[in-house]
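Here is how the chains run, residue by residue.
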Amino acid sequence: MTAYRVAQLLHEGKAKRVYGTDQDDLVAVEFKDDATAFNAQKKAQLAGKGALNCRISALIFEHLERCGVPTHYCGVDGSNWMLVRPVQVVPVEVVIRNVAAGSLCRQLPLAAGTALEPPLLDLYYKDDALGDPLLTEARLAMLGLLSADQRQQLERLARQINQHLLALFARCDLQLVDFKIELGFTRDGELVLADEISPDTCRLWDRAVQDSQDRILDKDRFRQDLGGVIDAYGEVLKRVQQHCPEPRVYG
Ligand code: TMP
Ligand code: ASP
């Protein structure tokens, strides 16, 4: 690994800023303390959130890498910077649900907590202005976002990631209810996991707690005004750290 210099801002999202670097094959991601929900209608600054999500994502990316899952991850630097390979992100959010919760229970007659076997995989078109609408197979084909082969590859990878995450979080005494991932193509055309995996993008319930609110250790604490968001994210980090080695520092 070589030292790098952060260059121009390429993109600012709700929770991260993405910068180019002086190396052609390296991008720097800064995790922000901004919290948003309901398509950014609800906003707050939560001190420490960026560092927690950066560290949790790094541990999980490295774990998945050891499981053979290709990712964009290269390493971390400081508390809230992650170095990644540049990828063309597919504008599709892949959501896998192991247990019914959230929008699924608002849209279908399913009680929160219902086990979903096999896990439900939903694709959403990534576009804030359109409210990230659910994609049907026909809509996906119509938009021409992915070939049939690429879609199959994406879904296979997402389901593998789910199995690895279920196992890791179970060891942490956490129930992985559902999560969202984003994938992208590298310059070599390889499909890899991108973005982040953190309590912002997963629903995680403490298995040792029965109460339906107290068990929540993810962004639902912010969405539902339950308080204790940073403590919950800190608890997730503490548990994941017990089962994963320290992330590598880049440069
Ligand atoms: P949902 O139940 O609101 O559709 O969310 C499903 C999962 O996806 C949940 O773990 C939270 C995550 N998610 C995101 O990461 N970003 C989003 O914009 C949304 C709506 C959900
Ligand atoms: N990520 C979305 C937002 O920032 C929605 C959510 O996570 O609830 O608005």
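Residues numbered from 1 in each chain as written. Chains lettered and ligands numbered in written order. Predicted model: local features only at pLDDT ≥ 70, side-chain atom pairs only at ≥ 80, totals over all residues. Heavy atoms only, no water.

Caption draft 1: Up close: helix 6 (residues 229-241). In this model, helix 6 (13 residues) spans 18 Å end to end at C-alpha, consistent with the 18 Å of a helix rising 1.5 Å per residue. Against helix 1 (49-66), helix 4 (148-171), strand 11 (174-185), strand 13 (202-206) and helix 5 (220-223) lie the buried residues of helix 6. (Helix = DSSP H or I, 4+ residues; strand = E, 2+ residues; numbered from the N terminus. Expected span 1.5 Å × (residues − 1). Contact = heavy atoms within 4.5 Å.)

Caption draft 2: Summary view of the pattern of salt bridges. Overall, the coordinates contain 26 salt bridges when judged by the stated rule. Of the charged contacts, one joins Lys126 and Glu182 as a salt bridge, the two residues approaching to 3.4 Å between their closest N and O atoms. Placement of Lys126 in the loop between strand 10 (115-125) and helix 3 (137-143) and of Glu182 in strand 11 is noted, with a sequence separation of 56 residues between them. Residue Lys126 is classed as partly exposed on the basis of its relative accessible area, which comes to 35%. Given the relative accessible area of 5%, Glu182 is considered buried. Connected through shared salt-bridge partners, Lys16, Lys126, Lys180, Glu182, Asp195 and Glu196 make up one network. (Salt bridge = Lys/Arg side-chain N within 4 Å of Asp/Glu carboxyl O. Buried < 20%, exposed > 50% of the residue type's maximum accessible area, 1.4 Å probe, protein only.)

Caption draft 3: Highlighting the site of ligand 1. Around ligand 1, a shell composed of 13 residues is seen, among which Arg97, Ser103, Asp178, Lys180 and Arg203 lie nearest. One of the backbone nitrogen or oxygen atoms of Thr201 is found 3.5 Å away from an oxygen atom of ligand 1. If ligand 1 stood free it would expose 450 Å²; the protein chains cover 79% of that surface. Broken down by element, the residue count for the shell around ligand 1 peaks at three residues, all from strand 11. For the shell around ligand 1, a count of residues per class yields four nonpolar, three polar and six charged. (Near = heavy atom within 4 Å. Polar contact = N/O pair within 3.5 Å; in protein donor to acceptor, adjacent residues only side chain to side chain. Areas by Shrake-Rupley, 256 points an atom, 1.4 Å probe, with all protein chains shown as cover. Nonpolar A, V, L, I, M, F, W, Y, C, P; charged D, E, K, R; others polar.)

Any functional reading would require information beyond the geometric quantities listed.
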